[in-house]
Amino acid sequence: MAQRKEQYLVIGGSGFVGRHIVQQLLDRGDSVSVFDIVQRYHDVPFYSGDITDETQIADALKKSGTTCIIHTASPPAGLNDSALYFKVNVDGTKAVIAAAIATGVRKLVFTSSAGVVFNGDDIVNIDERVPFPEVPMDAYNESKAKAEDAVLAANGKNGLLTVALRPAGIFGPGDRQVMSGLYQVYERGQTHFQIGDNTNLFDWTYVGNVARAHLLAADKLDAPPPSPPLSTLETPPRTLQE
Ligand code: NAD
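Per an unreviewed UniProt entry, the chain goes by C-3 sterol dehydrogenase and derives from Crucibulum laeve. UniProt lists a comment for the chain under the heading Sequence similarities (unreviewed entry), and it reads "Belongs to the 3-beta-HSD family."

Written as structure tokens, this is what we have:
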């Protein structure tokens, strides 16, 4: 129970995943604030701001006394707007990192995406040693990969400890993307399509488990690194199973 004195700031805490993280922190008695461009809940201190503005983030960090940032903010996947993805996910995440370093925040947990290693080909049984594809899938995934790189490169700067998580598809209460998308497909009568040979697999994770992974990652950032370090292990091929 070492984390009780932590002060959390959930960036994107008005969103689907962010709200579940806030709720789980509250449920275990932790102190949490939210930073977001929209306010949907009123039960925790809220800082209205945009992560592309470093001053707004730094102000919120100082006022809230944040020791641990959980950064879940991103535009939704599937937009035809690469400029927005790079502005928010790359520049915005760099602004979060700079503000965290400047204000002496100890921990930064970043919500990346499983899509950062996807290039359209099947990938089976891979782990985090697999490199980003040379040709990214799209602007969303490319911007998430660059943000993840920046977060991991910031590890150790002014005592900041960082980690990035890569959820796949997320389902559960509060979802505004997956079920509405499936319903729109149903309404349009587009239910007769088959993808590939109908044996394709896709990973889905319940949102409560994704949120719990963020709490565990934050807790474990204090712990010593695993041994041996992943970087000393052989890099596996992109597909381990045909
Ligand atoms: P969401 O849209 O429900 O929540 C994102 C939140 O970020 C929103 O409240 C939004 O207002 C906020 N936000 C967006 N731009 C911002 C900005 N410039 N400044 C401050 N706040 C901003 O999305 P979600 O489904 O909860 O996704 C959370 C994270 O998980 C994202 O980083 C996403 O890339 C990642 N992810 C989601 C899925 C999924 O299936 N939903 C899968 C893999 C990864």
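Draft legend 1. View of the overall build of the chain. The number of helices and strands found in the chain is six helices and eight strands. The N-to-C order of helical and strand elements in the chain reads β-α-β-β-α-β-α-β-α-β-β-α-β-α. The C-alpha atoms of the chain give a radius of gyration of 18 Å, which matches the 18 Å a tight globule of 242 residues would have. For the chain, the spread of C-alpha atoms along the three principal axes comes to 55 × 45 × 35 Å. Taking all 242 residues of the chain together, 31% fall into the buried category. By sequence separation, contacts in the chain at least 24 residues apart represent 74% of the contacts at least 6 residues apart.

Draft legend 2. Region of interest: the sheet that holds strand 4 (residues 68-71). Pairing is parallel across the open sheet formed by six strands, whose spatial order is 3-2-1-4-5-6. Edge strands, defined here as strands with exactly one partner in the open sheet, are strand 3 (46-48) and strand 6 (161-165). Each neighbouring strand pair of the sheet contributes to a mean axis angle of 15°, computed without reference to strand direction. Pairing of strand 5 (residues 107-111) with strand 6 involves five bridges; the strand directions are parallel. Residue K107 lies in a different strand from strand 6, and its bridge partner there is L161. Where helix 4 (residues 139-153) meets the sheet, it contacts strand 5 and strand 6, and its direction lies at approximately 155° from that of strand 6.

Draft legend 3. Layout of the site of the ligand. Neighbouring the ligand are 27 residues, the closest being G12, G15, F16, V17 and S74. For the shell around the ligand, the elements supplying multiple residues, two or more each, are helix 1 (16-27), helix 3 (82-103) and strand 7 (169-171). When its residues are assigned to classes, the shell around the ligand shows eleven nonpolar, twelve polar and four charged.

Draft legend 4. Spotlight on the pairing of strand 1 (residues 7-11). For strand 1, the tally of buried residues reaches four of five residues, placing the bulk of the element in the interior. Note that strand 1 and strand 2 (residues 31-36) share five bridges and pair parallel. Among the inter-strand pairings, L9 is bridged to a residue of strand 2, identified as S33. Following the chain from strand 1 across helix 1 to the adjacent parallel strand 2, one finds a crossover that is right-handed. In this sheet, strand 4 lies alongside strand 1 in parallel orientation, the contact comprising four bridges. From the neighbouring strand, L9 faces strand 4, where its bridge partner is I69.

Draft legend 5. Representation of the nonpolar core within the structure. Core analysis: the biggest nonpolar cluster contains 43 residues, and V10, I69 and V96 have the highest contact counts within it. Per-element accounting of this core gives the leading share, seven residues, to helix 3. Here V96 is in contact with I11, I51, I57, I69 and H71, once residues within four sequence places are set aside.

Draft legend 6. Region of interest: helix 1. With twelve residues, helix 1 extends 17 Å between its outermost C-alpha atoms, agreeing within 8% with the 16 Å of an ideal straight helix rising 1.5 Å per residue. By the burial criterion, the buried members of helix 1 are F16, V17, G18, R19, H20, I21, V22 and L25. Next to the buried residues of helix 1 lie strand 1, strand 2, strand 4, strand 5, strand 7 and helix 6 (207-220). G29, located one to two residues past helix 1, shows a positive phi value of around 85°.

Reading the values: the criteria
Residues numbered from 1 in each chain as written. Predicted model: local features only at pLDDT ≥ 70, side-chain atom pairs only at ≥ 80, totals over all residues. UniProt positions renumbered as here; feature names shortened; annotations may be inferred. Helix = DSSP H or I, 4+ residues; strand = E, 2+ residues; numbered from the N terminus. Rg over C-alpha atoms; globule rule 2.2 N^0.38 Å. Buried ≥ 20, exposed ≤ 12 C-beta atoms within 10 Å, placed from the backbone. Contact = placed C-beta atoms within 7 Å. Pairing = 2+ DSSP bridges. Axes fitted to C-alpha atoms, helices over the stretch in contact; angles between N-to-C directions. Near = placed C-beta within 6 Å. Nonpolar A, V, L, I, M, F, W, Y, C, P; charged D, E, K, R; others polar. Right-handed = clockwise from strand over helix to strand, strands pointing away. Core = buried A, V, L, I, M, F, W, Y, C linked by C-beta atoms within 7 Å. Expected span 1.5 Å × (residues − 1).

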